[in-house]
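Chain by chain, the residues:
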Amino acid sequence: MIRLTSVKGREGEEGEEEEDDGKSPGAVPSPEEVEGVQLLQADTVEKLPEEKQRMHCHRNEQALADFFAWAEPIVAAGVPTTVRGIYQRLSSIKDVSAEHRLDKTLQEMTLAQPHDVVVTILRCAPSCDRVAVTMWMAIVSSNRTAEKVLPELLCVLEDWPLHSTSTSDKDNSDVFSLAATRAVWEIIHLPQGPERMILYFPRLFVALLFQIFSSTEQMPEEVTAFWRRCQHKHCLPTNPNRFALLTMKALLCHLEYEDVVSEVERECGWDTLLNTDTHHYTVRLLARAMLRVSEPLCYRIARYLFRLLRREEAHWEVAAMAFLVEANTMSALTESLMEVLKDEDREVRGMTLSVLSEMLLNRDVPIACSLAVQLIEALRPLFDNDTSRVQLLSIRIFQAVMALVQKGKERQGLTDCVRQSLLPLFYHMYDENQFVAEASWETLLQATIFLKRWNLQQLLESEELWRFGECLLKEERDRADGYLRQSVMYLQSPQKSIREAAMRLTAPRGKTNKFSPSIFNLVTPTRHYVRTAETNPNSRFRLLQNQLREAWRRQASLLENGWPSLWHKVGFRRWKPPHY
């Protein structure tokens, strides 16, 4: 339970507080009364007779008793009300020494309800005045409370331009993101900044980076008005993006990363960070500098950048990608990549694949086989995604992974994954989207080279595409049943060309049928249903098929030169659509 702590309690002395002198507990002492009983200067006290010194101390204790008698019912009213009451009370006191009498009370409230404390202070003093600084100093002076406060400040700082939230008193008013930046600036410049700042540095760094970009690109009218007030009160930079930049530089220096600040300064990078067209240039400089200072720290920053990629700010994607590409963080980000690629949101998948393509298609350094296996297993299901952009990127990245995997015995661990991808790539050579079909052919050719299947490679190069499927089943009889299972979904494809390819490949071949009877019986009903639907234009399936085909055609086409291709590097010939 939150309790009010007197000066005696703070100093470790025992005993109860002084009795009230008869005043009503709810009466608020005037500033004159409080100021009249403050401690005299030390040199003056020494000159007082001993009896007068005792009287002075008694009056001081009595004033403290009055102060806590006023504050006690406020605390009982709830945390937001208490924080507002403390802020208003401290605003009326001029002596700085008197402003630390409620430090422990603030700390106890913060431990109990950090969200209420942080949000209420930001609402009371969004520009972070003298009283707010004193309250933040009291709170972050303890590592325990600092650890509670910093994540709450980050939640506000990360939401541009306003953070929507509610406190326990049902106050739903928004909080300015820049109010949290002001608080962070003051906390950084406290004589003893919180040691816990280093733990939250990656997230704080990314949040400030995002705010610099957002405040450069978008400044709502209400934010502009708020910042104008802040600028007038505290002599701040005219533009909030520059203040966020100064906060980032102060944070780096506070954590003894002055070399990063100096390196970016030498490249004249800080000013380019304030321009949306050149923002990514400085982000790359920062990534390069951070990587030299601390690789683990740089990787942690990259993980938070992936979280930002889930947001709707499309332009921020470029800056995030710049950091990730420069940091070259593939091995450290495997877990994050796998998690994001499973996201149901097609935009999130698309952005993640865009980052991967930038990292891999422009990379010359080999990657470990274990990493390649994880990537391919995550990419293969995306070949059949209903978004052509996701399909195309996943196939291109798959192609790049095969080209970059380390040579030698380690490649054997990737063989099974590549084999399992042969049939999906074969079917997608018949895709209605020309770019997906071309990418599938090129990647399938790369796969045959990787597997050293020279006969299959020759069939692809001579454009005997159908014979490729027949030869694949003939040479890998032990995998025929698995290929049949894979084919079931392609029998139900919304694209006629893919369905027809699946129908032909799964057709029985008399006594030389390549599938086991039990497995073939699983696919026969699907084949029959598909063939019936093809010959019955009035069926529900036909209607659904037409709807799916129309939706497919409406997908935005991709410019051919918009997606890097590896076939130029290995001498692949131009793609020609397959024919039956």
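About the criteria used
Residues numbered from 1 in each chain as written. Predicted model: local features only at pLDDT ≥ 70, side-chain atom pairs only at ≥ 80, totals over all residues. Heavy atoms only, no water. Helix = DSSP H or I, 4+ residues; strand = E, 2+ residues; numbered from the N terminus. Buried < 20%, exposed > 50% of the residue type's maximum accessible area, 1.4 Å probe, protein only. Contact = heavy atoms within 4.5 Å. Areas by Shrake-Rupley, 256 points an atom, 1.4 Å probe, with all protein chains shown as cover. Core = buried A, V, L, I, M, F, W, Y, C linked by side-chain atoms within 4.5 Å. Phe/Tyr/Trp six-rings, centres within 6.5 Å; stacked < 30°, edge-to-face > 60°. Salt bridge = Lys/Arg side-chain N within 4 Å of Asp/Glu carboxyl O. Polar contact = N/O pair within 3.5 Å; in protein donor to acceptor, adjacent residues only side chain to side chain.

Looking up the protein chain in an unreviewed UniProt entry gives the name Maestro heat like repeat family member 6, with the organism given as Ficedula albicollis.

Enquirer: Explain the overall build of the protein chain to me, please; I cannot follow it from the model alone.
Expert: A tally of regular secondary structure across the protein chain gives 32 helices and two strands. Scored against the burial criterion, the 580 residues of the protein chain give a buried share of 53%. Partitioning the contacts of the protein chain with sequence separation of at least 6, the portion at a separation of at least 24 is 73%. When the accessible surface of the protein chain is split by element, carbon and sulfur atoms take 50% of a total near 28,100 Å².

Enquirer: For this particular structure, what's the right way to read the nonpolar core?
Expert: One recurring pattern in soluble globular proteins is that nonpolar side chains are buried together. Formed by 92 residues in total, the largest nonpolar core has its most connected members in L122, W136, L153, F201, F205 and L252. Among the elements that make up this core, the one with the highest residue count is helix α11 (residues 201-217) (nine residues). When near neighbours in sequence (up to four residues on either side) are disregarded, W136 contacts V118, I121, L122, C128, V149, L153, A183 and I187. I395, F398, F450 and M503 belong to the second largest nonpolar core, which has 64 residues in total.

Enquirer: Honestly, the packing of aromatic side chains in this entry has me stumped. Any pointers?
Expert: How two aromatic rings sit relative to each other is given by the distance of their centres and the angle of their planes. Enumeration over the complete set of coordinates arrives at eleven aromatic pairs. An angle of 50° between the planes, with centres 5.2 Å apart, marks the rings of W227 and F243 as tilted. Pair noted here: W227 is in helix α12 (residues 221-234) and F243 is in helix α13 (residues 240-254), with a separation of 16 residues, a long-range link. Like F243, W227 is buried. Of the aromatic side chains, those joined through ring pairs into one cluster are F426, Y427, Y430, W466, F468 and Y490.

Enquirer: Could you clarify how one ought to interpret the environment of G78 in this entry?
Expert: The topology assignment puts G78 in the loop between α4 (50-76) and α5 (79-91). By relative accessible area, G78 is classed as partly exposed at 26%. Separated by 31 residues in the primary sequence, G78 and M109 place their C-alpha atoms 9.6 Å from one another.

Enquirer: How should the pattern of salt bridges be read in this particular structure?
Expert: A side chain with one charge can pair with a side chain of the opposite charge if their charged atoms come near. Inspection of every chain in the model, using the stated rule, returns twelve salt bridges. In this structure, R123 and D171 form a salt bridge, with 3.4 Å as the shortest nitrogen-oxygen distance. Of the two residues, R123 is situated in helix α7 (residues 114-124) and D171 in the loop between β1 (162-163) and β2 (175-176); the sequence distance between them amounts to 48 residues. One salt bridge in this structure joins R467 and E464, with 2.7 Å as the shortest N-O distance.

Enquirer: Just to check I follow, could you spell out the side chain of T247 for this structure?
Expert: Within the element layout of this structure, T247 appears in helix α13. Separated by 2.8 Å, the side chain of T247 and the backbone oxygen of F243 make a polar contact. Beyond its immediate sequence surroundings of up to four residues, T247 is in contact with T181, V184, W185, I188 and L208.

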